[in-house]
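Reading the structure
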Amino acid sequence: MSASLQLGRFAGIKVQIHWTFWLLFLFIGFMVFSNEGTYLDLAWNFAFIIALFVCVVLHEFGHALAARRYGVGTRNITLLPIGGVANLKEMPENPKEEFIIAIAGPMVNVVIALLLWLIVPVDQFMIDDPEMLEEQLSGITANNFLFYLLAVNVALVVFNMIPAFPMDGGRVFRAILSTRMSRVQATKAATGLGKLLALVFFLFGLFSNIILAVIAVFIYFGAHSENIVIQQISLLEGNDIEDAMITDFTTLNPGDPLQTAIDRILASTEQDFIVTDGEEVVGILFMSDLAPALRERGKETLVADIMERDIITLNAKDPLPSAYRQLKRGNKNFFPIVDEGKIVGVLDMNNINEFLTFRAAHDY
């Protein structure tokens, strides 16, 4: 989501538009003019897209604010051509909490639809004459703008509540299943149904609506990814961070030149390094920052000049699943592990994956 335009923060949550979102306007423009539409038709269609995505943003805020109620933060809300995504930091494992967070989005659209129902003259469109009805709904105009907005909010509720994980309906389905079986079993069932429905959507979309086929791809891989994550977390249950952390590691000093890190990388399998001043952890030197620094400053540049100072330390006695979730949240996943204030190890995703390999092969 790096190539995104930030619209600002609302209720403390960053809202942004992914660059691919603008392709939707190009597509709408092409459709309007290919049907011999006018610039006025184009303006009404653009206005409708904007109104639709305001509803989508409100839908995502439903998820985000419900999550906040349970102490779960939201990194951002991102608009894509196929809808919006509230990037929650995590999803609660409590079935009731997941149910409320998942259903909060569609309920926002229910409220919007009910409000529109009160002001839209729906009877005007309930006519038996097909030709007259087609004329009234042939394109978006001032007369039918709100009716279309009402209809699309109803459609959003219906579509989102389809039990295809990771859609809202799929998460509601998992939450319900989790009250009667383990979360792993509930996830397996919900994601299995999600993948099956995704295949149906994909085949149907190929012959009717290519956007539906694209959505189906997102559903399929989203369900597959969630199933793997939950299974991995289940394998980590019962273990602490100290059971999987790396204890043979190199520390650097802030005054060391970058050449010291390069020599160590070439002589071992280490890539990232804890930077200490005495016994205090003061930073992390990431390999991904080395190459740019070498090009711009040279190998005699000090570690202190490019190390990451905003660091998170984990406790050796903390549960390993919580560390796994922390590692999954960012791009630079390398954490110092402390015990009684002293650094005793480091942890990265490669080490977690190695631990998972052995746990999956045998009850390690």
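Residues numbered from 1 in each chain as written. Predicted model: local features only at pLDDT ≥ 70, side-chain atom pairs only at ≥ 80, totals over all residues. Heavy atoms only, no water.

**Observations concerning the sheet that holds strand β4 (residues 83-88)**
With mixed pairing, the four strands of this open sheet are ordered in space as β1-β2-β3-β4. Single-partner strands in this sheet number two, and they are β1 (4-10) and β4. For this sheet, the mean angle separating the axes of adjacent strands, direction not counted, is 20°. Relative to strand β3 (residues 74-80), strand β2 (residues 13-18) is paired through three bridges, and the arrangement is parallel. Considered in β3, the bridge of Gln16 is made with Thr78. Across the sheet, helix α2 (residues 39-69) touches β1, β2, β3 and β4, and the angle it forms with β4 is around 20°. (Pairing = 2+ DSSP bridges. Helix = DSSP H or I, 4+ residues; strand = E, 2+ residues; numbered from the N terminus. Axes fitted to C-alpha atoms, helices over the stretch in contact; angles between N-to-C directions. Contact = heavy atoms within 4.5 Å.)

**Brief notes about the pattern of salt bridges**
Between side chains of opposite charge, a pair can form as their charged atoms come close. Across all of its chains, the model carries seven salt bridges by this definition. Here Arg171 makes a salt bridge to Glu98, at a shortest N to O gap of 4.0 Å. On the criterion of sequence distance, the pair formed by Arg171 in helix α6 (residues 168-178) and Glu98 in helix α3 (residues 95-119) is long-range, its members being 73 residues apart. By relative accessible area, Arg171 is classed as buried at 18%. Here Arg264 makes a salt bridge to Glu270, at a shortest N to O gap of 3.0 Å. Of the residues examined, Arg264 reaches a relative accessible area of 33% and is grouped as partly exposed. We classify Glu270 as buried; its relative accessible area is 15%. A single network of salt bridges, built from pairs that share partners, joins Glu98, Arg171, Arg174, Arg183 and Glu226. (Salt bridge = Lys/Arg side-chain N within 4 Å of Asp/Glu carboxyl O. Buried < 20%, exposed > 50% of the residue type's maximum accessible area, 1.4 Å probe, protein only.)

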